[in-house]
Amino acid sequence: MAEFSVDPYADLYARRTSEMSASEVRALFAVAARPDVISLAGGMPFVQAIPPDHVLEILGAVLADRSDVALQYGAGQGPPALRERLAMLMAEEGTLADPEDMVVTAGAQQGLDLIGKVLVDPGDVVVVEAPAYVGALSAFSAYEPRFLQVDLDQDGMVVEQLEDALLRGVRPKFVYTVPNFHNPAGVTMSGPRREQLVALCREAHVPIVEDNPYGLLRFEGDVEPTLRSLDPTNVIYLGTVSKVFSPGVRVGWTVAEPGVLQRLILAKEASDLCGSNLTMLLTERYLTGATWRTTLARLVSLYASRRDAMLAALEEHFPQDASWNRPAGGFYVWIGLPDYLDAAAMLAAAVERRVAYVPGTAFYPDGRGIDRMRLAFCHPTEDRIAEGVKRLGELLADEEELYRSLSP
Amino acid sequence: MSQVRVAVLAGGRSPEREVSLRSGHRVMTALVSRGLDAFVVDPADVPLVETLSAAMVSACYVALHGKEGEDGTVQRLLELLDLPYTGTRPLACQTSFDKVLAKETMGAAGVPTPPWAVIEATALRDLGAGALLHRLLDRVGLPAVVKPSRAGSAMGLTFVEREADLPHAVMNALSFAEAAIVERKVEGVEIAASMVGTSDDLLPLVEVVPKSGVFDYAARYTPGATEYHAPARLESEVADSCNTVAAHTFRAFQLRDVSRADLLVDAQGQPWVVDVNVSPGMTDTSLLPMAARAAGVGLAELCERILGFALARRT
């Protein structure tokens, strides 16, 4: 016997799978998912706040009234009545959208994949933020782009950097941004920056892909206009019900101009024919009536208290030379560590102390982010958040001491 | 004879939890296919002592990896419970799993292992050992590999080409354990030597060729990321000396039933032992099942044979 192939497909995989591999960090998350570990890692919505009786009642009604539709295939674009409700969600943030310009997707995540499929050829430049939502990086990566990362500051994407790149002759296929309560950075793009970005991209004929999963989870401050509302023609918009209702129903949507939309719908049909009518009808009914609003209001105030608990704990337990921001909404606080600390390397020790986070390197395709970590305050209770941050603070103090002892 | 009931211990709280669950599931399915009543017990999910006492098992198959499962902790517990189990006894587990003890054991027994030095977190924190960091490299030389004293699957392992990279590598290793081993990096062919039974019962050597050049976590657990050759493509004298060194290692550590030693063969054909595993992986991409297959032994037969050693110890 000569060569022993564990994987008979080893020589057959497409080039685009080259980034898909097992990782140590992923293995550590398997331990971090244990209930004795306080996870500040995953951005899981607190679905316990969604009243199960209410959902059961709607589900029963959907099956009683419309089982012929609910259990059947549907149109690739998604049911019109649902699209109307989703347009209503956009109107909550002052964005007008025609349900006809919308395709319903399996979460906004499928929208990201479809956008990659429809717009990206291998080698194309895609502009993302630094740091960027890791799920978008994975979705686009399959289409083999070159990523250009543009830094974020407290006002969101540093548009001047993008302008410089355009002046240097970079021709991106699109600019991807999460303007509200960024994942992982927690920051929100300021009004002037929004105007600036939209104007620059319009002039340069570079479309913007606006991903807005957290927009309705605002704790304080005024609503900023969506980029889509500033320039409907040049902005492709992604929304989701994952944070206002449930990620379990897998309902998101993309709004785009007709040419793009048509291709997105065809790509969606090629991928899965259509979404689940059962969960789409459930979502439509959930978003009809008043209960969703009171439930969402309760969720937002709960997330706000959890953010406050996290910020207070950080103040109390984190070292002087760590830094973080105060997100006005969403799920995440983004931590900067002293540059000699490696958050990925520390994760094993953190899990040993029964606390988990996401190391910053996940959010940069170019290897940056070693001294960063993302903490999510959405899922654990305030007590657990305080305890988790305390454990992390102790770990950081020990690591700093260790570092000093290594560089006497 | 009553039906044999086997608890396959897998999972646990170590960073290798996921790998262990896959190993355990494979072993369980294999044993069930041979008509045995086997089920997985995850000590992180259920209280182990209580579960095993209530389950009336005939024996345990230890498929735990990493801390607790490989360092003798679970084995001591099973001895107290009077339950026969697969694999090595507690003290020998401890000396194999802890790389500081393993290195000392190899040194004392004359097993060829690359030069090494140890640095402990407490020595750094409390005793000013940081000032001696350069001495580690004087002992070991460059390039070096830094690894945690207690961890598996190449977790926490860093290659160091320049002295300036040493502090970061040591911190990385110390995230997994209280001590870090700094070892001379041997350039050469990666070989896995496996035993099933005693140190005289060796399986064919497996040659490991990671496509990235480094047999790290991703190369180990992404199917297709590494090429394997079984038997290894070595000159017969080199293969013989690998087998001699492996058998010597298994004897020196008093290993039992099933074990794997990881070797590096340098350009001169000299094998160096870099690691000893008392609970080798049994996943689809694992080395020991591959070695068995090269000897014509399928996974089901392999697991049954290993379990047989434990059952034979029933009193």
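Residues numbered from 1 in each chain as written. Chains lettered and ligands numbered in written order. Predicted model: local features only at pLDDT ≥ 70, side-chain atom pairs only at ≥ 80, totals over all residues. Heavy atoms only, no water.

Side note on the confidence of the model for chain B
Reasoning step 1: Per-residue confidence for chain B averages 92 on the pLDDT scale, and 99% of its residues sit at or above 70.
Reasoning step 2: Quick note on the complex model: pTM equals 0.89, ipTM equals 0.83. (pLDDT = per-residue confidence, 0-100.)

Some thoughts on the interface of chain B and chain A
Reasoning step 1: Each partner contributes to the interface: chain B provides 42 residues, whereas chain A provides 37 residues.
Reasoning step 2: In total, about 3,300 Å² of surface goes out of reach between chain B and chain A, with carbon and sulfur atoms giving 60% of it.
Reasoning step 3: There are 4 salt bridges connecting chain B and chain A.
Reasoning step 4: For Arg125(B), the salt bridge goes to Glu401(A), with nearest N and O atoms at 3.9 Å.
Reasoning step 5: Counting across the chain B and chain A interface gives 7 residue pairs in polar contact (both at pLDDT 80 or more). (Contact = heavy atoms within 4.5 Å. Buried area = accessible area lost by both parts, 1.4 Å probe. Salt bridge = Lys/Arg side-chain N within 4 Å of Asp/Glu carboxyl O. Polar contact = N/O pair within 3.5 Å; in protein donor to acceptor, adjacent residues only side chain to side chain.)

Focus: the pattern of salt bridges
Residue and element names in this part refer to chain A.
Reasoning step 1: For the structure on display, the rule yields 37 salt bridges over all chains.
Reasoning step 2: Lysine 173 is the salt-bridge partner of aspartate 124, the closest N and O atoms lying 2.7 Å from each other. Within this pair, whereas aspartate 124 is found in the loop between α4 (107-119) and β4 (125-130), its partner lysine 173 is found in strand β7 (residues 172-177), the two being separated by 49 residues in sequence.
Reasoning step 3: With relative accessibility at 31%, the residue lysine 173 sits in the partly exposed group.
Reasoning step 4: By sharing partners, the salt bridges in this structure join Glu220, Arg307, Asp308 and Arg326 into a single network. (Helix = DSSP H or I, 4+ residues; strand = E, 2+ residues; numbered from the N terminus. Buried < 20%, exposed > 50% of the residue type's maximum accessible area, 1.4 Å probe, protein only.)

Thoughts on the sheet that holds strand β2 (residues 37-41) of chain B
Residue and element names in this part refer to chain B.
Reasoning step 1: Taking strand neighbours across the sheet as the criterion, the 3 strands line up as β2-β1-β3 in an open arrangement whose pairing is parallel. Unpaired on one side and paired on the other, β2 and β3 (59-62) mark the two borders of the sheet. Looking at each pair of strands side by side, their axes are set apart by 25° on average, direction ignored.
Reasoning step 2: Sheet topology note: the strand β1 (residues 5-9)/β2 ladder contains 5 bridges and is parallel. Note on β2: the bridge partner recorded for valine 6 is alanine 38. (Pairing = 2+ DSSP bridges. Axes fitted to C-alpha atoms, helices over the stretch in contact; angles between N-to-C directions.)

Describing helix α2 (residues 52-70) of chain A
Residues and elements named next belong to chain A.
Reasoning step 1: When the terminal C-alpha atoms of α2 are compared, their 20 Å separation across 19 residues is substantially less than the 27 Å that a helix rising 1.5 Å per residue should span.
Reasoning step 2: Along α2, the helix axis deviates most sharply at alanine 64, where the bend reaches about 65°.
Reasoning step 3: Residues of α2 that are buried: His54, Val55, Ile58, Val62 and Ala70.
Reasoning step 4: Buried-residue contacts for α2 involve α10 (277-286) and α11 (291-317). (Expected span 1.5 Å × (residues − 1). Bend = angle between axes of the 7 residues up to and from the residue.)

Re the sheet that holds strand β6 (residues 158-160) of chain B
Residues and elements named next belong to chain B.
Reasoning step 1: With antiparallel pairing, 4 strands are arranged side by side in an open sheet as β4-β7-β5-β6. Only two strands of the sheet have a single neighbouring strand rather than two, namely β4 (116-120) and β6. Looking at each pair of strands side by side, their axes are set apart by 25° on average, direction ignored.
Reasoning step 2: Pairing between strand β5 (residues 144-148) and β6: 3 bridges, direction antiparallel. Looking across to β6, one finds that valine 145 is bridged to phenylalanine 159.
Reasoning step 3: With respect to the sheet, helix α5 (residues 99-109) is in contact with β4, β5 and β7 (179-184), its orientation differing from that of β7 by roughly 40°.
Reasoning step 4: Helix α8 (residues 166-174) contacts β4, β5, β6 and β7 of the sheet and is inclined by roughly 25° relative to β5.

Regarding the nonpolar core
Reasoning step 1: Ranked by size, the top nonpolar core spans 134 residues in total, and within it Leu86(A), Leu162(A), Val241(A), Leu375(A) and Leu392(A) carry the most contacts.
Reasoning step 2: With 10 residues, α11(A) is the single largest residue contributor to this core.
Reasoning step 3: When sequence neighbours within four positions are dropped, the list of residues in contact with Val241(A) reads Leu86(A), Leu89(A), Ser246(A), Val249(A), Val251(A), Trp253(A), Thr283(A) and Leu287(A).
Reasoning step 4: With 38 residues, the next largest nonpolar core counts Val8(B), Tyr61(B), Val208(B) and Leu307(B) among its residues. (Core = buried A, V, L, I, M, F, W, Y, C linked by side-chain atoms within 4.5 Å.)

Digging into the packing of aromatic side chains
All names here are of chain A.
Reasoning step 1: Per the stated rule, a full pass over the model turns up 11 aromatic pairs over all chains.
Reasoning step 2: Ring plane angle 90° and centroid distance 5.9 Å describe the contact between tyrosine 214 and tyrosine 332, whose orientation is recorded as edge-to-face. Placement of tyrosine 214 in the loop between β8 (208-211) and α8 (227-230) and of tyrosine 332 in strand β12 (residues 332-336) is noted, with a sequence separation of 118 residues between them. The pair formed by tyrosine 214 and tyrosine 332 is uniform in burial state, with each residue classed as buried.
Reasoning step 3: Ring pairing ties together the aromatic residues Tyr214, Tyr303, Phe331 and Tyr332, which thus form one cluster.
Reasoning step 4: Positioned over the ring face of phenylalanine 46 is arginine 306, at 4.1 Å from the centre of the ring. (Phe/Tyr/Trp six-rings, centres within 6.5 Å; stacked < 30°, edge-to-face > 60°. Lys NZ or Arg CZ within 6 Å of the ring centre and 35° of its normal.)

Details of the side chain of Arg374(A)
Reasoning step 1: In this fold, Arg374(A) is placed in strand β15 (residues 372-376).
Reasoning step 2: For Arg374(A), which is buried and forms no salt bridge, the nearest opposite charge comes from Asp211(A), at a distance of 11 Å. (Lys, Arg positive; Asp, Glu negative; His and termini not counted.)

Some details on a negative patch on the surface
Residue and element names in this part refer to chain A.
Reasoning step 1: Judged by side-chain charge, Glu160, Glu163, Asp164 and Glu203 come together as a negatively charged surface patch.
Reasoning step 2: Of all the elements, helix α6 (residues 159-167) adds the most residues to the negative patch, at 3 residues.
Reasoning step 3: Tracing the sequence through the fold places aspartate 164 in helix α6.
Reasoning step 4: Residue aspartate 164 is classed as partly exposed on the basis of its relative accessible area of 44%. (Patch = residues over 30% accessible without salt bridge, like charges linked within 9 Å, V, L, I, M, F, W, Y side chains within 5 Å. Areas by Shrake-Rupley, 256 points an atom, 1.4 Å probe, with all protein chains shown as cover. Charge placed at Lys NZ, Arg CZ, Asp CG, Glu CD.)

Quick word on a nonpolar patch on the surface
Residue and element names in this part refer to chain A.
Reasoning step 1: A contiguous nonpolar surface patch, about 380 Å² in accessible area, is contributed by Tyr9, Leu12 and Tyr13.
Reasoning step 2: Tracing the chain through its elements places tyrosine 13 in the loop between β1 (3-4) and α1 (24-32).
Reasoning step 3: Given the relative accessible area of 44%, tyrosine 13 is considered partly exposed.

Here's the deal with unusual backbone geometry
Reasoning step 1: For the bond running from Ala130(A) to Pro131(A), omega is 5°, close enough to zero to count as cis.
Reasoning step 2: Here Pro131(A) lies in the loop between β4 and α5 (134-141).
Reasoning step 3: Non-glycine residue Leu273(A) carries a positive phi angle of around 65°.
Reasoning step 4: With phi around 60°, Asp82(B) is a residue other than glycine that occupies positive phi space.
Reasoning step 5: Turning to its location among the elements, Asp82(B) is positioned in the loop between α3 (73-80) and α4 (90-97).
Reasoning step 6: The exposed category is assigned to Asp82(B), whose relative accessible area is 68%.

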